[in-house]
Amino acid sequence: MDLLPDRVAWYVVGPLIGLLVAGMFALANKPLGASGAYVQTIAAIRKRASEPWRAWYFAGILIGAVGASALQGKLQLRTGYELMLDLWSLPTTVLVLAIGGVVMGYGARMAGGCTSGHGLCGTSARSVASFTATATFMSVAIGVTFALHWLTGGQL
Amino acid sequence: MKLAGLLFGIAFGFLIALGGLNEYEVIHNMLLLEDFQPYLIMGSAVAVAAPIVWQLERRGWTTPFAGPISPGRSRVERHHVTGSAIFGTGWAVAGTCPAPALAMTGSGALLGLVVVGGLFAGLMARDYAEGRSGPGLADLDLGMRTPSEVGAET
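Residues numbered from 1 in each chain as written. Chains lettered and ligands numbered in written order. Predicted model: local features only at pLDDT ≥ 70, side-chain atom pairs only at ≥ 80, totals over all residues.

Asks: Quick rundown of the overall build of chain B? Include the residues and the values.
Replies: Scanning chain B from N- to C-terminus turns up 6 helices and 2 strands. Shown N-terminal to C-terminal, the secondary structure of chain B runs as helices and strands in the order α-α-α-β-β-α-α-α. The 154 residues of chain B split such that 55% are buried. Contacts in chain B between residues far apart in sequence, at least 24 positions, make up 42% of those at least 6 positions apart. (Helix = DSSP H or I, 4+ residues; strand = E, 2+ residues; numbered from the N terminus. Buried ≥ 20, exposed ≤ 12 C-beta atoms within 10 Å, placed from the backbone. Contact = placed C-beta atoms within 7 Å.)

Asks: Just give me the short version of helix 2 (residues 34–45) of chain A, but keep the residues and values in it.
Replies: Helix length check: helix 2 of chain A (12 residues) gives 17 Å between terminal C-alpha atoms against 16 Å at 1.5 Å per residue, within 8%. Burial analysis of helix 2 of chain A places 9 of its 12 residues in the buried class, the great majority of the element. Those residues of helix 2 of chain A not exposed but buried are A:A34, A:S35, A:G36, A:A37, A:Y38, A:V39, A:Q40, A:T41 and A:A43. Looking at the buried positions of helix 2 of chain A, the neighbouring elements they touch are helix 3 (53–72), helix 5 (90–111) and helix 6 (115–124) of chain A together with helix 5 (98–106) and helix 6 (112–129) of chain B. Following helix 2 of chain A by one or two positions, A:K47 adopts a phi angle in the positive range, close to 60°. (Expected span 1.5 Å × (residues − 1).)

Asks: Which residues make up the interface of chain A and chain B, and what are the values?
Replies: Of the residues lining the interface, 112 residues belong to chain A; the matching set on chain B comes to 108 residues. Those elements giving two or more residues to the side of chain A that touches chain B turn out to be helix 1 (10–28), helix 2, helix 3, helix 5, helix 6 and helix 7 (128–151) of chain A. The dominant element in the side of chain A that touches chain B, judged by the number of residues it contributes, is helix 5 of chain A, at 18 residues.

Asks: I'd like to hear about the nonpolar core, residue by residue, with values.
Replies: Among the nonpolar cores identified, the biggest contains 89 residues, and A:I17, A:V21, A:A65, B:F12 and B:A45 are the most heavily contacted of them. Considering each element in turn, this core owes the most residues, 10 residues, to helix 1 of chain A. The contacts of A:A65, once residues within four sequence positions are left out, are B:G13, B:F14, B:I16, B:A17, B:N22, B:L102, B:A103, B:G106 and B:S107. (Core = buried A, V, L, I, M, F, W, Y, C linked by C-beta atoms within 7 Å.)

Asks: Mind laying out the environment of A:A70, listing which residues take part and the relevant values?
Replies: Residues and elements named next belong to chain A. Looking at where A70 falls in the secondary structure, it is placed in helix 3. The class of A70 is partly exposed, set by 18 C-beta atoms lying within 10 Å. Note: C-alpha distance between A70 and D2 (68 residues apart in sequence) is 7.8 Å.

Asks: Quick rundown of the packing of helix 2 of chain A against helix 3 of chain A? Include the residues and the values.
Replies: Residue and element names in this part refer to chain A. One way to put it is that helix 2 packs onto helix 3 with a least axis distance of 7 Å and a crossing angle of 115°. Judged by the inter-axis angle, helix 2 sits roughly perpendicular to helix 3. The interaxial crossing formed by helix 2 with helix 3 has left-handed handedness. Two secondary-structure elements touch here, helix 2 through G36, A37, Y38, Q40, T41 and A44 and helix 3 through R54, A55, Y57 and F58. Partitioning the contact of helix 2 with helix 3 into residue classes produces 6 nonpolar, 3 polar and 1 charged. (Axes fitted to C-alpha atoms, helices over the stretch in contact; angles between N-to-C directions. Parallel < 35°, antiparallel > 145°, perpendicular 65-115°, else oblique. Left-handed = near helix turned anticlockwise from the far one by under 90°. Nonpolar A, V, L, I, M, F, W, Y, C, P; charged D, E, K, R; others polar.)

Asks: I'd like a description of the packing of helix 2 of chain A against helix 6 of chain B, backed by residues and values.
Replies: Close contact between helix 2 of chain A and helix 6 of chain B brings their axes to 10 Å; oriented N to C, the two are set at 80°. Relative to helix 6 of chain B, the element helix 2 of chain A is oriented roughly perpendicular. Residue-level contacts link A:S35, A:Y38, A:V39 and A:I42 of helix 2 of chain A to B:L119, B:F120, B:L123 and B:M124 of helix 6 of chain B. Residues that form the contact of helix 2 of chain A with helix 6 of chain B fall into these classes: 7 nonpolar, 1 polar and no charged.

Geometry only, nothing functional implied.
Pasting the structure below:
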């Protein structure tokens, strides 16, 4: 199927995401943070979740992405990191991505949120901590990406 | 609430994939300042959500699940800055963040699983580092450090 374009314009996707963010505040005073969903999913597996709905939210993100990708005609097994695999072997790429994931998780837990929790929800609620967190991870991520670009001779 | 969580997740995952935010190259190019669509998506999302939240607060909206609306906010503390700097480093390396990594995996990108696994490990590692492992995990809604921080910190 190819019913939807690969990338729908920002002025359609962005405001709809904004409605979700506002909607969850309106429904239950809760920020729609993805890293919290990871934490609660682990907790749910251990049967200790304080907010079980976040585990359902976690599952929902996966389901929604499967649905959208199917409608975009993009649902197919692939590595997802072809650009990196042009540069490094598979084991090296896996190692780099695992380290990236661990570092991201550690930092998100420490900061109390990630791109969605602080970047979308906290900022929408006018939280000073979230503006600070967002400015910090945006500028650091841009800096590190430029460093990677330079270190790999422009390949990444 | 579980059903709401599932439906909001489905919608969010759908929109992430629709915007192409689940592609490594889109996020990588965003951070190389070559693709501004992701910034516009984030910016317009906040531009839509913030006035709604503000108006709901002003009009004393009562939420169906949790009483009067009161999105939590927190003052800036060191851990927000340090944690975000660490997070930003991982974000740049993996070229995806927690929700898009899930959406990436959902679209069939197998290496997205590696990032998702790493995220689980990293989130748990920080919990252990803070000495809040074991039974304490039940309390670990991200940012449930104090009740006043609930909103901003998940």
